[in-house]
Amino acid sequence: MPETAGPLEEFPRQVARTRGFSLGVPRSFTISPDGERIVFLRSKGGDDPVSCLWVFDVASASERLVFDPGAEEDEGELTLAERARRERTREQSSGVTTYATDRDVRTAVFGVGGRLLLADLAEGSTRELDPPGAPDDPRLDPDGRRVAYVVDGALHVHDVDGASRVLAEDEDPDRFWGLAEFVAAEEMDRRRGFWWSPDGARIAAAHVDEREVEVWYIGDPTDPAAAPRAVRYPRAGTADAVVRLWVLDLDGGRVEVTWDREAFPYLVRVDWDQDQPLTLLVESRDQRSALVLEADPETGATTTIHEETDPEWIEVLADVPTRMSDGRLVTVHADREADTYRLMVGLDAVTPAGLQVRAVQSADDGVLFRASEDDPTEIHLWRWTPTEEWVRLSERPGVHSGVEAGEVRVLVSSTPDRPSSTATVTRKGEPIAQIENLAEAPEIEARPRFLTLGERQLRAALLLPGGREPDGPLPVLMDPYGGPRGARVLKSGGAHLTSQWFADHGFAVLVVDGRGMDGRGPAWDRAVYRDFSVTLDDQVDALHAAASEFDFLDLSRVGIRGWSFGGELAAFAALRRPDVFHAAVIGAPVTDQHLYDTFYTERYLGKPQDEPEVYARSSPILDAAGLERPVLLIHGLADDNVFVTHTLRLSSALFEAGRYHELVLIPDATHLTRSAAVTENILRIQLDFLTRTLAP
């Protein structure tokens, strides 16, 4: 294999310094209703980790800095809730990482390093409020007169020109107000725990009781004097947090929102937008039944306005249900007959069969949404209105999203010919300007060749050294995520940079999206129901189909690397198909499904006490004694999503069976580390292992 030099040597360091080329990229856009300004976050350079708050003036097509935190704040000042929020959202930066505005988008509130700041977005000024402690998730009321936030599990309300007061609190640290519990934040995409009423007179607030949830511990082996950190983790088949919803009056009155929590324990969504009723989505523990409820804030009584059932599970998408401005309910329904995720307005499916809706962005007099047509590697931005029906707003091949208010829209596009996204501002569909992207240009250029492979028409990307077909055989590196959701084969220039780096070291890298990946309809998603091992079959089938098309793929030297579910898939590959795979990098894997969380695991596999054989079939640890190939196990010791116990138990099983393996444990690293040294060296150690084990 060729020696590293120049850009190849620099690339891992650049990935680490730029945090995956995410720094300097504008994001988190909010458009004022009058279309005058666009609020967004961005750091001041491609290697600057501190995000700042900016405003783009639409009339002058110019931007201005509203708040700069300066040097990176001391991460030690972050509350445990803020640390957890950043981990759940995979936040890569520091500084202003999130913000909330009033209805008119004239004022924004945010926290930085334990401080609470209020920004006048029209004038560009910022002032500091004085909360009684480090605030979590500050949010303005619709009129911008008050800020609500959480301090140590208590919900506070702070007049912007006055003092704060406690609205709800609990003395037990395992019961708290106004924050999302673990499975809501990690698995449901609900990262909020309270919602202002449209008139600003009330707050709907979640109360979370974690006393019955198992306590797990995260220790620091590098400091034997340090006590381990206790966390509540709802392991599959065990107790979840008990979540209730209350409506709190600002004068101290409160009423509980009632529904059949025994049958529907999961509070998945809450929506209380302008001039709309309090609406919530609740779901059964087995996730086969869900109700959309409308709540009376005076009495707490609820009325069912929509019911959904599914024989396997109900796919929950972010930001639905929501409402159009005329009050009609907006949902996404898995139409099993048409094998299509369809946009629903009221009781009507308003998008056609074959157009797979992947996300709803917003709703007003129409609905802005993301969807794929016949090619799941492209995601386009669409708008549905009662008069025009569905209209595609993005043109170029790629991955697109956006926000809008009135006549102004921000179209965010990642296309195959660019390593980073563009954010184009339009008015009435006509481009005005692009919001500047300050991300660094990568040292290498990704050159994926997109393929459709095998009987199941598996979507794949093939990356070759320099993007060119070789003169002789190449070892193959499979580079999947592979699990439910999380499609990786996308026509986005930045999606394949790391795969290209491995390819440029002499590998043919094959990235394959198999069954369970989003974008191909309900039947495709549900092929993993009760059996995760089918994901391995798709990797093998794609490999053989690609080899029949490209004779330079050397099937006597096939490796696989993966992280999270990809690590789990790599473990399956090494343990169950040594006839196909000759080496595996297994990063932060789930090795025993009993040890992963309730909402994710039970959706696909059921409860372990009810279906033990399903858990056995989907847990690679049980095959440890049969290892025949070299494997490299990597895990962060501070991971609170996939705990390091997964890798340690696999390592122990391998050791007891006399199976040699390589093990890298990283102190203080979580599931997605922000440490530059860790990020860089994780890449380098994988390359070293694969080069050694797959060399001719």
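Not measured: the values here are computed from a predicted model.

What counts and how
Residues numbered from 1 in each chain as written. Predicted model: local features only at pLDDT ≥ 70, side-chain atom pairs only at ≥ 80, totals over all residues. Heavy atoms only, no water. Helix = DSSP H or I, 4+ residues; strand = E, 2+ residues; numbered from the N terminus. Rg over C-alpha atoms; globule rule 2.2 N^0.38 Å. Buried < 20%, exposed > 50% of the residue type's maximum accessible area, 1.4 Å probe, protein only. Contact = heavy atoms within 4.5 Å. Lys, Arg positive; Asp, Glu negative; His and termini not counted. Charge placed at Lys NZ, Arg CZ, Asp CG, Glu CD. Pairing = 2+ DSSP bridges. Axes fitted to C-alpha atoms, helices over the stretch in contact; angles between N-to-C directions. Left-handed = near helix turned anticlockwise from the far one by under 90°. Salt bridge = Lys/Arg side-chain N within 4 Å of Asp/Glu carboxyl O. Phe/Tyr/Trp six-rings, centres within 6.5 Å; stacked < 30°, edge-to-face > 60°. 1 Å grid on protein atoms, 1.4 Å probe; cavity = no way out; pocket = protein on both sides within 12 Å on 5 of 7 lines; lining within 4 Å. Points joined across faces, edges and corners; volume = space filled by probe spheres on them. Nonpolar A, V, L, I, M, F, W, Y, C, P; charged D, E, K, R; others polar. Patch = residues over 30% accessible without salt bridge, like charges linked within 9 Å, V, L, I, M, F, W, Y side chains within 5 Å. Areas by Shrake-Rupley, 256 points an atom, 1.4 Å probe, with all protein chains shown as cover. Expected span 1.5 Å × (residues − 1). Parallel < 35°, antiparallel > 145°, perpendicular 65-115°, else oblique. Polar contact = N/O pair within 3.5 Å; in protein donor to acceptor, adjacent residues only side chain to side chain.

Colleague: Residue-level account of the overall build of the protein, with values.
Modeller: In terms of helices and strands, the protein carries 11 helices and 44 strands. In terms of overall size, the protein behaves like a compact globule, its C-alpha atoms giving a radius of gyration of 25 Å where 696 residues would be expected to give roughly 26 Å. The C-alpha extent of the protein, read off along each of the three principal axes, is 75 × 55 × 55 Å. Within the protein, the fraction of its 696 residues that count as buried is 59%. By sequence separation, contacts in the protein at least 24 residues apart represent 59% of the contacts at least 6 residues apart. Taking the average location of the 74 positive side-chain charges in the protein and that of its 121 negative ones, the two points are 1 Å from each other.

Colleague: I'd like to hear about the pairing of strand S32 (residues 389–392), residue by residue, with values.
Modeller: Side-chain positions along a regular strand alternate between the two faces of the sheet. Examined bridge by bridge, strand S31 (residues 380–385) and S32 share 4 bridges and lie antiparallel to one another. Residue pairing for S32: Trp382 is matched across the bridge by Arg392. Following S31, the chain reverses through 3 residues before pairing antiparallel with S32.

Colleague: Tell me what's going on with the packing of helix H1 (residues 7–17) against helix H11 (residues 676–694), and back it up with residues and numbers.
Modeller: Here H1 crosses H11 at 145°, and the two axes come no closer than 7 Å. Pair H1 / H11 crosses with right-handed handedness. Within the contact between the two elements, H1 uses Glu9, Pro12, Arg13, Val15 and Ala16 and H11 uses Ala676, Thr679, Glu680, Leu683 and Arg684.

Colleague: Talk me through the pattern of salt bridges; I want residue IDs and the actual numbers.
Modeller: For the structure shown, the criterion picks out 66 salt bridges. Here Arg145 ties to Asp143 by a salt bridge, and the two come within 3.7 Å at their closest N and O atoms. Residue Asp143 is classed as partly exposed on the basis of its relative accessible area of 42%. Each of Glu9, Glu10, Arg13, Arg17, Glu440, Glu680 and Arg684 takes part in a single network of salt bridges with overlapping partners.

Colleague: Give a detailed account of the packing of aromatic side chains, specifying residues and quantitative values.
Modeller: Counted by the stated rule, this structure contains 22 aromatic pairs. Consider the rings of Trp313 and Tyr529, whose centres lie 6.2 Å apart with planes at 35°: the pair is tilted. Here the residue Trp313 occupies a position in the loop between strand S24 (302–309) and strand S25 (322–323), and Tyr529 occupies one in the loop between helix H5 (522–525) and helix H6 (534–549), the gap between them amounting to 216 residues. Its relative accessible area of 1% is what places Trp313 among the buried residues. Consider the rings of Phe532 and Phe565, whose centres lie 5.3 Å apart with planes at 80°: the pair is edge-to-face.

Colleague: Please provide a residue-by-residue account of the pairing of strand S44 (residues 662–666), values included.
Modeller: Across 5 bridges, strand S43 (residues 631–636) lies against S44 in parallel orientation. Each residue of the ladder has a partner; that of Gly636, found in S44, is Ile666.

Colleague: Could you give an account of empty space enclosed by the protein, with specific residues and numbers?
Modeller: Taken as a whole and assessed by the stated rule, the structure comprises 5 cavities of 30 Å³ or more. There is about 250 Å³ of room inside the largest cavity. Around the largest cavity, the lining is made up of 20 residues, and of these Leu281, Glu308, Ile314, Glu315 and Val332 lie nearest the centre. Among the residues forming the lining of the largest cavity, the class breakdown is 13 nonpolar, 2 polar and 5 charged. By volume, the second largest cavity is sized at about 160 Å³. If you go around the second largest cavity, you meet 18 residues; those closest to its centre are Glu82, Gly111, Val112, Pro135 and Asp136. At the level of secondary structure, the elements contributing two or more residues to the lining of the second largest cavity comprise helix H2 (80–89), strand S7 (107–112) and strand S10 (136–140).

Colleague: So what about a nonpolar patch on the surface? Which residues, and what values?
Modeller: A contiguous nonpolar patch, built from Leu648, Leu663 and Leu665 and spanning about 210 Å² of accessible area, is present on the exposed surface. One can find Leu665 in strand S44. Using a relative accessible area of 31% as the deciding quantity, one classes Leu665 as partly exposed.

Colleague: Any details on helix H10 (residues 645–656)? Residues and values, ideally.
Modeller: The terminal C-alpha atoms of H10 lie 16 Å apart, and with 12 residues this matches the ideal 16 Å at 1.5 Å per residue to within 8%. Of the surrounding secondary structure, the elements contacted by the buried residues of H10 are S43 and S44. At the exit of H10 stands Gly658, carrying a positive phi of roughly 75°.

Colleague: An account of the packing of H6 against helix H7 (residues 565–576) is requested, with residue identities and associated values reported.
Modeller: Interhelical geometry of H6 versus H7 gives an angle of 75° and a closest axis separation of 10 Å. Considering the angle they form, H6 stands roughly perpendicular to H7. Along its contact with H6, which presents Thr535, Leu536 and Gln539, the element H7 presents Phe565, Leu569, Phe572, Ala573 and Arg576. Grouping the constituent residues of the contact of H6 with H7 by class yields 5 nonpolar, 2 polar and 1 charged.

Colleague: Tell me what's going on with the sheet that holds strand S36 (residues 430–435), and back it up with residues and numbers.
Modeller: With respect to topology, 4 strands assemble into an open sheet ordered S33-S34-S35-S36, the strand pairing being antiparallel. Strand pairing shows two members of the sheet lacking a second neighbour, strand S33 (399–405) and S36, which therefore form its edges. Each adjacent strand pair in this sheet contributes to an overall mean axis angle of 25°, direction not counted. The sheet contact formed by strand S35 (residues 422–427) and S36 spans 5 bridges and is antiparallel. Residue pairing in the sheet places Val425 in a bridge with Ala433 of S36.

Colleague: I'd like to hear about the sheet that holds strand S11 (residues 146–151), residue by residue, with values.
Modeller: Across the sheet, which stays open at both edges, the 4 strands sit in the order S10-S11-S12-S13 with antiparallel pairing between neighbours. One side of each edge strand has no neighbouring strand; the edge strands of this open sheet are S10 and strand S13 (164–168). In this sheet, adjacent strand axes meet at a mean angle of 25° when their direction is disregarded. In this sheet, S13 lies alongside strand S12 (residues 154–159) in antiparallel orientation, the contact comprising 4 bridges. Following the sheet pairing, His158 is matched in S13 by Ser164.

Colleague: Give me the environment of Gly253: which residues, what numbers.
Modeller: Here Gly253 shows up in the loop between strand S19 (242–249) and strand S20 (254–257). Residues contacting Gly253, with those up to four places away along its chain left out, are Val247 and Leu248.

Colleague: Explain the environment of Thr645 residue by residue, including any values.
Modeller: If you trace the backbone, Thr645 turns up in helix H10. Classification of Thr645 by relative accessible area gives partly exposed; the value is 21%. Spatially, the C-alpha atom of Thr645 lies 45 Å from that of Asp296, the residues being 349 residues apart in sequence.

Colleague: Help me get a handle on the environment of Asn681, residues and values and all.
Modeller: As for its placement among the helices and strands, Asn681 is situated in helix H11. Residues Asn681 and Arg13 lie 668 residues apart in sequence; the distance between their C-alpha atoms is 8.5 Å.

Colleague: Lay out H7 in plain terms, naming residues and giving numbers.
Modeller: Over its 12 residues, H7 runs 16 Å from end to end, which matches the ideal 16 Å to within 8%, given 1.5 Å per residue. Along H7, 11 of the 12 residues are buried, which leaves the element largely enclosed by surrounding structure. For H7, the set of buried residues is Phe565, Gly566, Gly567, Glu568, Leu569, Ala570, Ala571, Phe572, Ala573, Ala574 and Leu575. In the core, the buried residues of H7 are packed alongside H6, strand S41 (553–563), strand S42 (583–587), helix H8 (598–605), helix H9 (612–617) and S43.

Colleague: Got a sec to walk through the side chain of Thr673? Specific residues and values, please.
Modeller: With respect to the secondary-structure elements, Thr673 resides in the loop between S44 and H11. The buried category is assigned to Thr673, whose relative accessible area is 16%. Looking at Thr673, its side chain comes within polar contact range of the main-chain nitrogen of Ser675, at 3.1 Å. Setting aside its immediate chain neighbours within four residues, Thr673 contacts Gln92, Val678 and Thr679.

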